[in-house]
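Below are the chains, spelled out letter by letter.
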Amino acid sequence: MTPPSHPESDAPPPVQPTHPACVMVINASDPSGAGGLTADIATMASVGAHPVAVVTGAYVRDTSAIFDHYSFDDEAVTEQARTALEDLPVQIIKVGFVGTPENVSAIAELTTDYPELPVISYMPNLSWWQEDLIDQYLDAFAELLLPQTTVLVGNHSTLWRWLLPDWNHERSPSARDIAAAAAQKGTPYTLVTSIPLPEQFVENVLASPEAVLGSGRFELFDGVFTGAGETLSAALTALLACGSDLGEACAEALGYLDHTLENGFRPGMGHLIPDRMFWAAPDDADEPSPEGDTTDVPSIDGFVLPPHDTQH
């Protein structure tokens, strides 16, 4: 006997996930917390995603400058990523600075094996590095990873010098010009940040070769920030993983970045850092407790952490 058919309206509703969206981020560790993997993890957690972090190497840096970088080999990088991908329901992949052309090639092979996962690529400023290493890295990224990239994110100046090195017009390239250059390598969308405008303003533009898809105009803050690009690209990636469409995710990520810069802080002797957890700061930190609150709180006056001078 044939079982009765069920009309479409009787189909069970789709199962809603019971956990945050998983986002794989492939980047270098930054011990200062200004950028790199540290910035990605803090940002993605702040906007509600679960970061699946793959470390490609480590910066030697403080909040002022990058002094060096040590890379993992490509097998160490891909083994981390493939093991996590076999276990976790990753929704999207973000690629930051991965250190070597060999790592670029290995990650391109990895993303080819997971064509259903969008790839957001962020290209940082590499001017701290040796010129020959920069050229090798950018050439490998353009040839191998841009064809796998869904959205490329980068500073106007950085992307201009990389993708349009022979630009000889009197005007600077527009976001669409840069997007067209990226599209020639296979990237359909580009988010160009910090396009200079008059009167201390900058514009951030999401573009394809055919059109400007969204933009935001922001006034420059006083002070120099480190980690703004990492924050924006990580927020965009996490918001896309959480279900926002590209235009909505871009607008929300730009708004989030603006708040992190507005609440930026200087933890060291160098640059300001975006406060990626600005929303968690107490509103009335200095207000006394309400009258009548008799909750007993143990006193910790005189409590001192012991020194770690145990003899072995």
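Residues numbered from 1 in each chain as written. Predicted model: local features only at pLDDT ≥ 70, side-chain atom pairs only at ≥ 80, totals over all residues. Heavy atoms only, no water.

## Thoughts on the overall build of the chain
Argument step 1. From N to C terminus, the chain includes eight helices and nine strands.
Argument step 2. With 312 residues in all, the chain has 42% of them scored as buried.
Argument step 3. Restricting the contact set of the chain to residue pairs at least 6 apart, pairs at least 24 apart contribute 66%.
Argument step 4. When the accessible area of the chain is evaluated, it comes to approximately 17,400 Å², of which 53% is carbon and sulfur surface. (Helix = DSSP H or I, 4+ residues; strand = E, 2+ residues; numbered from the N terminus. Buried < 20%, exposed > 50% of the residue type's maximum accessible area, 1.4 Å probe, protein only. Contact = heavy atoms within 4.5 Å. Areas by Shrake-Rupley, 256 points an atom, 1.4 Å probe, with all protein chains shown as cover.)

## Brief notes about the sheet that holds strand S3 (residues 66–71)
Argument step 1. Spatial strand order, S3-S2-S1-S4-S5-S6-S7-S8-S9: nine strands in an open sheet with mixed pairing. Each edge of the open sheet is held by one strand with a lone partner, namely S3 and strand S9 (212–219). Each neighbouring strand pair of the sheet contributes to a mean axis angle of 20 degrees, computed without reference to strand direction.
Argument step 2. Relative to strand S6 (residues 151–155), strand S5 (residues 119–123) is paired through four bridges, and the arrangement is parallel. From the neighbouring strand, Met123 faces S6, where its bridge partner is Gly154.
Argument step 3. Those strands touched by helix H7 (residues 228–241) are strand S1 (22–29), strand S4 (90–95), S5, S6 and strand S7 (189–197), and its axis lies near 165 degrees from that of S4. (Pairing = 2+ DSSP bridges. Axes fitted to C-alpha atoms, helices over the stretch in contact; angles between N-to-C directions.)

## Looking at the layout of surface pockets
Argument step 1. Computed from the structure, the largest pocket encloses a volume of approximately 1,300 Å³.
Argument step 2. Tyr122, Asn125, Asn155, Phe225 and Gly229 are the residues nearest the centre of the largest pocket, which is lined by 47 residues in total.
Argument step 3. Looking at the lining of the largest pocket residue by residue, the classes come out as 22 nonpolar, 17 polar and eight charged. (1 Å grid on protein atoms, 1.4 Å probe; cavity = no way out; pocket = protein on both sides within 12 Å on 5 of 7 lines; lining within 4 Å. Points joined across faces, edges and corners; volume = space filled by probe spheres on them. Nonpolar A, V, L, I, M, F, W, Y, C, P; charged D, E, K, R; others polar.)

## Notes on the confidence of the model for the chain
Argument step 1. Across the chain, pLDDT averages 89, with 85% of residues at or above 70.
Argument step 2. Residue range residues 1–9 is modelled with pLDDT below 50. Its contacts to residues more than four positions away, or to other chains, number zero contacts. (pLDDT = per-residue confidence, 0-100.)

## Comments concerning the pattern of salt bridges
Argument step 1. Considering all chains together, one arrives at six salt bridges under this definition.
Argument step 2. A salt bridge links Glu143 to Lys185, with the nearest nitrogen and oxygen atoms 2.6 Å apart. With a gap of 42 residues between them, Glu143 in helix H4 (residues 131–145) and Lys185 in the loop between helix H6 (175–184) and S7 connect regions that are remote in the sequence.
Argument step 3. Because the salt bridges share partners, they merge into one network encompassing Asp40, Lys94 and Glu230. (Salt bridge = Lys/Arg side-chain N within 4 Å of Asp/Glu carboxyl O.)

## What about the packing of aromatic side chains?
Centre distance and the angle of the planes are the two values used to describe a pair of aromatic rings.
Argument step 1. The final tally for this structure, using the stated rule, is eleven aromatic pairs.
Argument step 2. Centre to centre, the rings of Tyr59 and Phe97 are 5.9 Å apart; their planes meet at 20 degrees, and the pair counts as stacked. Here the residue Tyr59 occupies a position in strand S2 (residues 50–61), and Phe97 occupies one in the loop between S4 and helix H3 (101–113), the gap between them amounting to 38 residues.
Argument step 3. Seen from their ring centres, Tyr59 and Trp128 are 6.1 Å apart, and the 75 degrees between their planes marks the pair as edge-to-face. Of the two residues, Tyr59 sits in strand S2 while Trp128 sits in the loop between S5 and H4, which places them 69 residues apart along the sequence.
Argument step 4. Using a relative accessible area of 8% as the deciding quantity, one classes Tyr59 as buried.
Argument step 5. Grouping aromatic residues by their ring pairs yields a cluster made of Tyr59, Phe97, Trp128, Trp129, Tyr137, Phe141 and Trp162.
Argument step 6. The ring of Trp160 is capped by Arg161, whose NZ or CZ atom sits 5.9 Å from the centre of that ring. (Phe/Tyr/Trp six-rings, centres within 6.5 Å; stacked < 30°, edge-to-face > 60°. Lys NZ or Arg CZ within 6 Å of the ring centre and 35° of its normal.)

## A word on the nonpolar core
Side chains of a nonpolar character, in soluble globular proteins, are inclined to be buried together.
Argument step 1. Core analysis: the largest hydrophobic core is formed by 50 residues, its most contacted members being Met24, Ile26, Tyr137, Phe141 and Trp162.
Argument step 2. The element that contributes the greatest number of residues to this core is H4, accounting for seven residues.
Argument step 3. Apart from residues no more than four positions distant in its own chain, Phe141 is found in contact with Val95, Gly96, Val104, Ser121, Met123, Leu146 and Trp162. (Core = buried A, V, L, I, M, F, W, Y, C linked by side-chain atoms within 4.5 Å.)

## Some points on H7
Argument step 1. When the terminal C-alpha atoms of H7 are compared, their 20 Å separation across 14 residues agrees well with the 20 Å that a helix rising 1.5 Å per residue should span.
Argument step 2. When you tally the buried positions in H7, you get eleven out of 14 residues, the bulk of the element.
Argument step 3. Following H7 by one or two positions, Gly243 has its phi on the positive side, about 115 degrees. (Expected span 1.5 Å × (residues − 1).)

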